Structure formats: C-alpha cells, structure tokens
Amino acid sequence: MNRKYRKTIIAANWKMHKTPTETKAFAERLKSAIPRAKRCSIVLCVPFVDIPAAVKLLKDSRIAVGAQNLHWDASGPYTGEISADMLADLDVKYVIIGHSERRALFGESDLMINQKVHAALGAGLRPILCVGEDRQQRDLGVTLEFITYQLKAALAGVSPEDMRRVVIAYEPIWAIGTGQTATPDQAGEVCSAIRSVLRKLYGARIARSTTIQYGGSMNEANAEALLNQEDVDGGLIGTASLDADQFLQIIYTANQDG
Ligand code: PEP
C-alpha cells in the first residue's frame, strides 16, 4: 500500500451470512475495538436485509456500510431486485459489483456489470469492482490480458471524474474461499498491472490515486505480507471477515504506522 497517494480500504464481504441480530452483535464488537488512528478505511458489505441494522449501529462510527449487489435500472418489473437509489436512501456508501460468484452463479455479463457500475455512480455509491482470473487462465498465462479486458468492459463510458470514486478489487477466482492465497508477489504483480491499465485509460494521476484491493483467502496471518506490496491498497475479505476478532486483526495490520 502507499498511503501517500491513496486510501487503504479494508472491506468485509459477508456473502449470504449473518442475520440482522448477528449483524448487531458484530457491529457493536467492531465499533468498540477499532483503532483510533484513521490510517485505513473500513467497510462492511452485508446482505441487503442486514443493512438497516448495520447503518443504525455504525452511524456515529468511521465504519461505512456497503451492499453486495444492485440492479442497473432505477426501478421496474424486476422481482427480487434492489436499485442503487434504494441503497443510497439507506445510507449505503459502497457496493460490490462483478464478484466472481455473481458472474458464475447468477450469469452476470460484462454488459450488466458495466451498467451496474454506472447505476452505482449515478446514485452516489462507490463501486468495489471485482476482477480476477480463474485457474485455467492463470495456468495458460493469460491473466493480465483477461483482467485488462474485464476492466475495459466494466469501466466503459465511466468518466475520469467518476473514476475517482471507483475501487478495484483483484480477486483471483482460484483463491476465493479456497485457503489458497495468491503469494504477495502474484498479488502485487496483478495489482500493479491493473494500475497500468488505469494509467492508459485515465492518466497517471487517477491511476496513482485509485485504491486497488486484493481479495482471496486474505486473513490475519497473510495480510501484512500482501499489504506490504506497493500496489495492494487493502483487502476484500470473505471468510476471515465473518469473525469480528479475525477481521479486527486485519484492520490492525492495515492501520499500522509506517
Ligand atoms: C470474496 O469472496 O470476496 C473473498 C475474498 O472470499 P475469501 O476471503 O473467503 O476468499
């Protein structure tokens, strides 16, 4: 990470875990134990139904609440879907877009992801845009080409001004929920390549100030080495974010002086 140029962001992705009651207990524990020094931003991306409880409990704290998905249209006949304005109205600040589980299990296309990015930005939300290769793409040596394609597709039509509010999460699919973390060098290499793509698309200033997280089995044991990489500006954390104490350990690591 490089705090001189960009924010370090530690974000939890709870996926389909925790009830509103469990959210309340977690938020209380987190609030009581987060470090005073504000060297990293903290975000909890919770299931839709947990948002009101999380927002209420974290209102006077420096922990922001995020969602894990949204629909690209403002309103309409989309049973079971949630719009960007609905999230913004609840005081949600971030939204995960293009997570590999949504791409693979719910058929999200690059076009849908691009439309979701625009919808989020239009409602004042900060997208956490996920990109990442699968095992086969890594083994074939096409990781950087694939991620470049994903970035270009997801960010098509996003203005430089709006890009300042986009967070990128590099999440190799083979590392998500597998306990098989990317090595710090692998994570650093791809995050640096992502920054180069952003440089070409948006210029040096915006590329230098964009937060690029790593996600994929990050935990309290490997967080320090990953975050020591110059271009890894935080983490998107699934499994290890479900336990408040484990998540706090990662926050403490990201918050260290120096
Ligand atoms: C994720 O799903 O965004 C994720 C990084 O999960 P895990 O930390 O469990 O690999």
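Residues numbered from 1 in each chain as written. Predicted model: local features only at pLDDT ≥ 70, side-chain atom pairs only at ≥ 80, totals over all residues. Heavy atoms only, no water.

Colleague: So what's going on with the overall build of the protein? Which residues, and what values?
Modeller: Across its full length, the protein holds twelve helices and eight strands. At 17 Å, the protein has a C-alpha radius of gyration in line with the 18 Å of a compact globule built from 258 residues. Its C-alpha atoms give the protein principal-axis dimensions of roughly 50 × 45 × 35 Å. Sorting the 258 residues of the protein into buried and exposed places 53% on the buried side. Nonlocal contacts in the protein, meaning residues at least 24 apart in sequence, comprise 74% of its contacts between residues at least 6 apart. A total of about 11,600 Å² of accessible surface is found on the protein, and carbon and sulfur atoms cover 51% of it. (Helix = DSSP H or I, 4+ residues; strand = E, 2+ residues; numbered from the N terminus. Rg over C-alpha atoms; globule rule 2.2 N^0.38 Å. Buried < 20%, exposed > 50% of the residue type's maximum accessible area, 1.4 Å probe, protein only. Contact = heavy atoms within 4.5 Å. Areas by Shrake-Rupley, 256 points an atom, 1.4 Å probe, with all protein chains shown as cover.)

Colleague: Can you lay out the packing of aromatic side chains for me, pointing to particular residues and giving the numbers?
Modeller: Evaluation of the coordinates by the stated rule reveals three aromatic pairs. Ring centres 4.8 Å apart and planes at 80° place the aromatic pair W14 and F26 in the edge-to-face group. Of this pair, W14 sits in the loop between β1 (9-13) and α1 (20-33) while F26 sits in helix α1, and the two are twelve residues apart along the sequence. The exposure classification of W14 matches that of F26, with both residues buried. Put simply, the rings of W14, F26 and F247 pair up and form one aromatic cluster. Just above the ring of W14 sits the side chain of K18; from NZ or CZ to the centre is 5.4 Å. One cation-aromatic arrangement involves R102 over F106; the distance from NZ or CZ to the ring centre is 4.3 Å. (Phe/Tyr/Trp six-rings, centres within 6.5 Å; stacked < 30°, edge-to-face > 60°. Lys NZ or Arg CZ within 6 Å of the ring centre and 35° of its normal.)

Colleague: Which residues make up the pairing of strand β5 (residues 126-131), and what are the values?
Modeller: A large share of β5 lies buried, amounting to six of its six residues. Burial along β5 is two-sided: R126, I128 and C130 facing one way and P127, L129 and V131 facing the other are all buried. Examined bridge by bridge, strand β4 (residues 94-97) and β5 share four bridges and lie parallel to one another. Counted as the bridge partner of V95 is P127 from β5. Note: β5 against strand β6 (residues 167-170), four bridges, orientation parallel. Looking at the pairing, C130 lines up with A169 of β6. (Pairing = 2+ DSSP bridges.)

Colleague: Summarise the site of the ligand; cite the residues concerned and give the values.
Modeller: Around the ligand, a shell composed of 14 residues is seen, among which K15, H99, G177, S217 and T239 lie nearest. Contact between the ligand and E171: an oxygen atom at 2.8 Å from a side-chain N or O atom of the residue. Backbone polar atom of G177 to an oxygen atom of the ligand: 2.7 Å apart, as the coordinates give it. For the ligand, whose accessible area on its own is 290 Å², the fraction buried by protein is 99%. Along the lines of polarity and charge, the residues of the shell around the ligand split into four nonpolar, eight polar and two charged. (Near = heavy atom within 4 Å. Polar contact = N/O pair within 3.5 Å; in protein donor to acceptor, adjacent residues only side chain to side chain. Nonpolar A, V, L, I, M, F, W, Y, C, P; charged D, E, K, R; others polar.)

Colleague: I'd like a description of the pattern of salt bridges, backed by residues and values.
Modeller: Taken as a whole and assessed by the stated rule, the structure comprises 14 salt bridges. Residues R6 and D233 are paired through a salt bridge, measuring 2.7 Å at the closest nitrogen-oxygen approach. With R6 in the segment before β1 and D233 in the loop between α11 (223-227) and β8 (234-237), this pair connects stretches of sequence that are 227 residues apart. Judged by its relative accessible area of 6%, R6 falls in the buried class. The salt bridge involving E133 is made with R138; its shortest N-O contact spans 2.8 Å. (Salt bridge = Lys/Arg side-chain N within 4 Å of Asp/Glu carboxyl O.)

Colleague: Describe the side chain of E133, and please don't skip the residues or the numbers.
Modeller: Positionally, E133 belongs in the loop between β5 and α6 (135-140). For E133, a relative accessible area of 0% gives the class buried. Looking at E133, its side chain comes within polar contact range of the side chain of R138, at 2.8 Å. A distance of 2.9 Å separates polar atoms of two side chains, one belonging to E133 and the other to Y170.

Colleague: If you had to explain the nonpolar core to someone new, which residues and values would you point to?
Modeller: Counting 71 residues, the largest nonpolar core has L44, I168, I194 and F247 as the members making the most contacts within it. Element by element, the count of residues in this core is highest for helix α9 (residues 184-202), at seven residues. One finds C45, Y94, I96 and L236 within the second-largest nonpolar core, a separate group that totals twelve residues. (Core = buried A, V, L, I, M, F, W, Y, C linked by side-chain atoms within 4.5 Å.)

Colleague: With reference to specific residues and values, describe the packing of helix α7 (residues 143-154) against α9.
Modeller: The interhelical angle for the contact between α7 and α9, taken along N-to-C directions, is 45°, at an axis separation of 10 Å. By the angle between their directions, the pair α7 and α9 is classed as oblique. Classified by chirality, the crossing of α9 by α7 is right-handed. Of α9, the residues touching α7 (which contributes T143, L144, I147, T148, L151 and K152) are E189, V190, A193, I194, V197 and L201. Grouping the amino acids of the contact of α7 with α9 by side-chain chemistry returns eight nonpolar, two polar and two charged. (Axes fitted to C-alpha atoms, helices over the stretch in contact; angles between N-to-C directions. Parallel < 35°, antiparallel > 145°, perpendicular 65-115°, else oblique. Left-handed = near helix turned anticlockwise from the far one by under 90°.)

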